[in-house]
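Residue strings, one per chain:
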Amino acid sequence: MITITINEKKITLEKPVTILEAARSAGIHIPTLCHEDILEPYGGCRLCLVEVEKVPRLLSACTQYITEGMVVRTETERVIEARRAILEFLLINHPLDCSFCDKAGECDLQDLAMKYGPATGRFAEGKRKHPESYDDPLIVRNMERCVLCSKCVRMCEDVQGASALCITNRGSKSYVEPFSGGRYNCEYCGNCLTVCPVGAIMSGLHRHDYRSWLIEREVETVCSYCGVGCSLLLQIRGNSLIRTVPKIGRGLNRGLLCSKGRFGYDYISNSERLDTPLIRRNGELQPAAWSEAITHIARRLKEIKENHGSDAIAGIVSGRCTNEDAYVFQKFFRGAIGTNNIDSVASLAYGPAQRFFERIFGQGVTANDIHGISNSDGIFVIGGDPTGINPVLGLQVRSACKKGAPVVVMGYAEGLKRFSKHAFITNSTTETVLLASLVSEIKKKKSLPGERPVFEEIISGLQPVPLKDASEMSGFGLNDLVDTVDTLSNMINPSIIVGRDIVQTSTGHMSLLFLAALAYLLNGRIYLLSELPNEQGLLDMGCQPDMLPSGRPLTIETFRTRCEETLGIAIPSTPGLNYVEMIEAAHAGRIKALYVMGEDTVQGLPDRNYVSDALRNVEFLVVQDMFLTETAQYADVVLPSLSWAEKEGSYTNLERRVQLTKKAVEGEGIEEWKIISEMSKILGLDMGYRSVTDIFTEIVRISHIYREITYNDITSGRCMWPYKGGPLRHDVHIEGIELPDIVSVMKNADESGVQVRREAHLFHSQNASRYSPALQSISPEPYVKMSETLAGRLSLRDGEHVKVVTEAGSITLSVHRDPCLPENVVLIPPFEKGGIFEITKWKVNPVTKAPALDGNRVIIET
């Protein structure tokens, strides 16, 4: 224990900390401009100078560590005079434009000048001039206001790892500028905005639009974009969402945000949002009253059930729906409709991957703390770029790399190019062979621990794939593969990060088995990348055709009976159709009614012509969404949805951390659970809910996972897996796993032509980003990314347009050249218009039931 005295107040601390930290722990304020808790101590601004007894000079509190018996004074005349002098120097060049500066009211320099002075300036020299930059659509720079605290540069370099900012020139002519010059060429996380203490770097979205004192209230909630679940503060005036900001140190993101979380909230105020129900009359969608629309849906579903049976009706739910909405939706289909034809977007990749790993290791194996990644001694990434899919999780990978952990990447990960020790980009079949080869070699170096005998039999029975064969097939050097094996073998506690691209292949089930073997051999933690905020919650709530809430198989009579008794409903014993099977059944005419809640099926699946034909073939289509999406345009009834900021509920993130979404503004619509409950009541099942709290209380009663959880527990931020229960990690159905015939895969692999693969885009996330003007301004159009070799052979330059042709169709895209790509692979992001899904077809993986997107070959026409 260390005892010190600050301003005559004795403080006892357990470990050495800086004077600044010690003072803050005791509620004593010491001013700073260059310090931020998330950054390393810098000591540049000198405003934190304090007097320390028996030390002749003033010391900077942010860099000086405490010692036993230290006596510190923070507000002596000597200290105040020093701060006044420092501020006088800073104000020599700082413009006196507080009256129209957007930072006014929340400017640290303004506050310090008010407290310490100086009242007048003694320097007669003219102030430096630097033109304000409006080159960027989202970030405005005014370097005349910059105090060169370097927080923005240090944030970008040390925390974000983007290295997009630098201090240019020297002395009084120094200023901060992006390396790209005028417009930023960066990840647009906006974290430089968070730490800027003055008005030098500001958001262009609300330039001269408001002042901080106009904000009437702040609502803390979580982000609605990806599966990380970052904490946000929504700043509200009237019924308008002014901006979203983080708070340093708060939430699992600890004050960091990505481009979507910081700038993408504006979709909720888009003028194209629906504000009234629509019913198709005489071939056109026309406005209708809520009561009419709900009654019409209930009546038509009843008719179809009577004429064609319950299994002629199906429901699909979006990953943006809350736990409460999803739970009521599945209860409606099982209890009121009488079918298990209920599924969600989670079944396209996230759900099958989790089910596969849990089949081997037990429930909760993928529920791992995101911050554990940065403490790993190695990282293995496959199936997607974590910095693009789950950006805040991706920062943990970069952090681990900076601490010395080697990063091995299989697949395209643009955000990890500077951080990966080994990177292998190829087609999906070759990825599976490479995985098999790595496991074959690591088996020779790592002994099996003996914890799971059944799984160890499977590992021992895997067909060996020599590194030489993998090298010949992939084109990667044998020495590179040997080095990769050595790198992986030296890992003791690695993190294995798995994205959807490795799941959505014809050999996806094989790849998952090799990944499970790799995790077992290396004692690794598995993380599943999640592209939507509540994919995990959908699985927990029972939005699966063969699972009850909490992941209990409905075919097991004990579980089904217990659920029926608790809810007072009858649940069909036969599993229903999954998402892909529903589309196929609709195309074949077996599904007569389809209810889609929050999902744009046409945009979210490959082969859009096939999906569109399937929806046109449905006798009765209901779509519940915020916008008139491509799917909604085929609907017989369209119901307006509320955004995440307009309703209460909860999300469960990829760690299985449950967090609350809170209502901040009023929306034009009705909560999803209320709509479903009203329909259910008309069909004879009165759910009796009055609030989301009633729904969550029932979830807790029926789910062994959520047992005894309350909203208070969630609010505390401690609602992490295994919550108040115990993890069920054991071999469940491992005996049914078949050994892959990897030799046959290698013999039958078709490496001809150029294959197209999906690139997860940092600035886009389905319809939310599509209707966000801010995100559209960063990257407004899709593109095709190809190797320098392929582009050179076709005489193509960056920005030129080409026609990309496949068996499914063709699109015209601009060219992006990338030297890291192989010649036989091109990448296209899943934009809503002109994206990869317009020109790709899919098959169904027979094991995971996920759509397999590999094998789509393209021809580039100039």
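How each quantity is defined
Residues numbered from 1 in each chain as written. Predicted model: local features only at pLDDT ≥ 70, side-chain atom pairs only at ≥ 80, totals over all residues. Heavy atoms only, no water. Helix = DSSP H or I, 4+ residues; strand = E, 2+ residues; numbered from the N terminus. Rg over C-alpha atoms; globule rule 2.2 N^0.38 Å. Buried < 20%, exposed > 50% of the residue type's maximum accessible area, 1.4 Å probe, protein only. Areas by Shrake-Rupley, 256 points an atom, 1.4 Å probe, with all protein chains shown as cover. Pairing = 2+ DSSP bridges. Axes fitted to C-alpha atoms, helices over the stretch in contact; angles between N-to-C directions. Phe/Tyr/Trp six-rings, centres within 6.5 Å; stacked < 30°, edge-to-face > 60°. Polar contact = N/O pair within 3.5 Å; in protein donor to acceptor, adjacent residues only side chain to side chain. Contact = heavy atoms within 4.5 Å. Parallel < 35°, antiparallel > 145°, perpendicular 65-115°, else oblique. Left-handed = near helix turned anticlockwise from the far one by under 90°. Nonpolar A, V, L, I, M, F, W, Y, C, P; charged D, E, K, R; others polar. Domains from an automatic or database assignment. Core = buried A, V, L, I, M, F, W, Y, C linked by side-chain atoms within 4.5 Å. Expected span 1.5 Å × (residues − 1). Salt bridge = Lys/Arg side-chain N within 4 Å of Asp/Glu carboxyl O. Disulfide = S-S within 2.5 Å.

Caption draft 1: A look at the overall build of the protein chain. Looking only at helices and strands, the protein chain features 29 helices and 36 strands. By the compact-globule yardstick of 29 Å for 862 residues, the protein chain fits well, its C-alpha radius of gyration being 29 Å. The dimensions of the protein chain, computed from C-alpha atoms along their principal axes, are 90 × 70 × 60 Å. Counting every position in the protein chain, which comprises 862 residues, the buried fraction comes to 62%. Here the protein chain has roughly 33,100 Å² of accessible surface; of this, 48% comes from carbon and sulfur atoms.

Caption draft 2: Focus on the sheet that holds strand β17 (residues 379-382). Pairing is parallel in the open sheet, where five strands are placed in the order β19-β18-β17-β20-β21. A strand with exactly one partner marks an edge of an open sheet, and here the two such strands are β19 (422-424) and β21 (525-528). Averaged over neighbouring strand pairs, the angle between their axes works out to 15° when direction is ignored. Pairing of strand β18 (residues 407-410) with β19 involves three bridges; the strand directions are parallel.

Caption draft 3: Summary view of the sheet that holds strand β10 (residues 217-222). On the basis of which strands lie adjacent, the open sheet formed by three strands has the order β10-β11-β12 and antiparallel pairing. Taken across any chain shown, the strands that pair with only one partner, and hence form the sheet edges, are β10 and β12 (240-245). Strand after strand, the sheet turns through a mean of 30° between neighbouring axes, direction not considered.

Caption draft 4: Local environment of the packing of aromatic side chains. Applying the stated criterion to the full structure yields 20 aromatic pairs. Measuring from ring centre to ring centre gives 4.9 Å for Phe329 and Phe333, while their planes differ by 55°; the resulting arrangement is tilted. With Phe329 and Phe333 both in helix α8 (residues 323-337) and four residues apart, the pair spans about one turn of that helix. One exposure class covers both Phe329 and Phe333, and it is buried. Measuring from ring centre to ring centre gives 5.0 Å for Phe424 and Phe476, while their planes differ by 80°; the resulting arrangement is edge-to-face. Taken together, the residues span a long stretch of sequence, with Phe424 in strand β19 and Phe476 in the loop between α14 (467-474) and α15 (478-489) at a distance of 52 residues.

Caption draft 5: Seen up close, the side chain of Thr652. Checked against the element boundaries, Thr652 lands in strand β27 (residues 649-652). At 2.9 Å, the side chain of Thr652 and the side chain of Tyr706 are in polar contact. With sequence-adjacent residues up to four places away left out, Thr652 is seen in contact with Asn323, Pro533, Asn534, Gln536, Gly537, Asp540, Arg657, Val658, Tyr706 and Tyr723.

Caption draft 6: Broad picture of unusual backbone geometry. Here the residue pair Gly117 and Pro118 is connected by a cis peptide bond, since its omega of 0° sits within 30 degrees of zero. Of note, Pro118 is situated in the loop between α3 (108-116) and β6 (139-141). Cis geometry is found at the peptide bond from Trp721 to Pro722, where omega equals 5°. By the secondary structure assignment, Pro722 is in the loop between α25 (711-715) and α26 (742-748). Phi is positive for His208, close to 55°, though the residue is something other than glycine.

Caption draft 7: Representation of the packing of helix α12 (residues 428-445) against helix α17 (residues 508-522). Packing of α12 against α17 brings their axes to within 9 Å, and their N-to-C directions diverge by 25°. It follows from the interaxial angle that α12 and α17 lie roughly parallel. By crossing handedness, the relation of α12 to α17 is classed as left-handed. For the pair α12 and α17, the contacting residues are Thr432, Leu435, Ala436, Val439, Ile442 and Lys443 in the first and Met510, Ser511, Phe514, Leu515, Ala517, Leu518, Leu521 and Leu522 in the second. Split into classes, the residues belonging to the contact of α12 with α17 amount to 11 nonpolar, two polar and one charged.

Caption draft 8: Quick look at the domain arrangement of the protein chain. Once the domains are mapped, the protein chain shows domain 1 (2-75), domain 2 (290-349 + 534-640 + 669-695), domain 3 (377-523) and domain 4 (752-861). Centre-to-centre, using C-alpha coordinates, domain 2 lies 37 Å away from domain 3.

Caption draft 9: Main features of the nonpolar core. Ile201, Phe380 and Phe455 are the most contacted members of the largest nonpolar core, which totals 144 residues. Among the elements that make up this core, the one with the highest residue count is α17 (12 residues). Among residues more than four places away in sequence, those in contact with Phe380 are Val408, Met410, Leu435, Leu438, Leu488, Ser495, Ile496, Ile497, Leu515 and Leu518. Formed by 108 residues, the second largest nonpolar core is a distinct cluster that contains Ile294, Ile297, Ile583 and Ile591.

Caption draft 10: Quick look at the side chain of Glu671. Within the element layout of this structure, Glu671 appears in the loop between β28 (658-661) and α23 (672-682). Glu671 has contacts with Leu642 and Lys647, leaving out every residue within four places of it along the chain.

Caption draft 11: Quick peek at helix α7 (residues 290-308). Over its 19 residues, α7 extends 27 Å from the first C-alpha to the last, a length consistent with the 27 Å expected when each residue adds 1.5 Å. For α7, the set of buried residues is Ala293, Ile294, His296, Ile297, Ala298, Arg300, Leu301 and Ile304.

Caption draft 12: Focus on the pattern of salt bridges. Tallied over the full model, the rule gives 45 salt bridges. Across the pair Asp325 and Lys647 runs a salt bridge whose closest N-O atoms are separated by 3.0 Å. One end of the pair, Asp325, is in helix α8; the other, Lys647, is in the loop between β26 (637-640) and β27, with 322 residues separating them in the sequence. Judged by relative accessible area, which is 1%, Asp325 ranks as buried. The shortest N-O distance in the salt bridge between Lys674 and Glu671 comes to 3.7 Å. Exposure remark for Lys674: the relative accessible area of 36% places this residue in the partly exposed category. According to the relative accessible area criterion, Glu671 is buried, its value standing at 17%. What you see here is one network of salt bridges that share partners, running through Arg299, Arg300, Glu303 and Glu619.

Caption draft 13: Spatial organisation of the pairing of strand β15 (residues 313-317). Most of β15 sits out of view: five of its five residues are buried. The alternating pattern of β15 places Ile313, Gly315 and Val317 and Ala314 and Ile316 on opposite faces, both of which are buried. In the sheet, β15 pairs with strand β24 (residues 593-597) via five bridges, with the strands oriented parallel. Directly across from Val317, in β24, lies its bridge partner Met597. As paired elements, β15 and strand β16 (residues 342-344) share three bridges and run parallel to each other. Paired with Gly315 across the two strands is Ile342, which belongs to β16.

Caption draft 14: Structural context of the environment of Thr295. As for its placement among the helices and strands, Thr295 is situated in helix α7. Linking Thr295 and Met679, residues 384 residues apart in sequence, is a C-alpha distance of 7.1 Å. Within the structure, Thr295 has its side chain in polar contact with the backbone oxygen of Ser291 (distance 2.7 Å).

Caption draft 15: Examining the state of the cysteines more closely. On inspection of all chains with the given rule, the structure shows zero disulfides. Of all cysteine sulfurs, the one in Cys149 lies closest to Cys152, which takes part in no disulfide; the gap is 6.2 Å. Between Cys258, a cysteine without a disulfide, and Cys223, which holds the nearest cysteine sulfur, the sulfur-to-sulfur distance is 6.0 Å.

Caption draft 16: Representation of the packing of α14 against α15 in the model. Where α14 meets α15, the closest approach of the two axes is 9 Å, and the angle between their N-to-C directions is 125°. Relative to α15, the element α14 lies oblique. Here α14 and α15 pass one another in a crossing that is right-handed. Where α14 approaches α15, its residues Leu467, Lys468, Ala470 and Ser471 are matched on the opposing element by Leu478, Leu481, Val482 and Val485. Along the lines of polarity and charge, the residues of the contact of α14 with α15 split into six nonpolar, one polar and one charged.

Caption draft 17: Here's a closer look at the environment of Thr276. Locating Thr276 in the fold gives a position in the loop between α6 (259-263) and β13 (278-281). When its relative accessible area of 26% is taken as the criterion, Thr276 is described as partly exposed. The sequence separation of Thr276 and Pro287 amounts to 11 residues, and the corresponding C-alpha distance is 6.3 Å. With sequence-adjacent residues up to four places away left out, Thr276 is seen in contact with Pro287, Ala288 and Pro640. Here Ala288 takes part through its backbone oxygen, which lies 3.2 Å from a polar atom of the side chain of Thr276.

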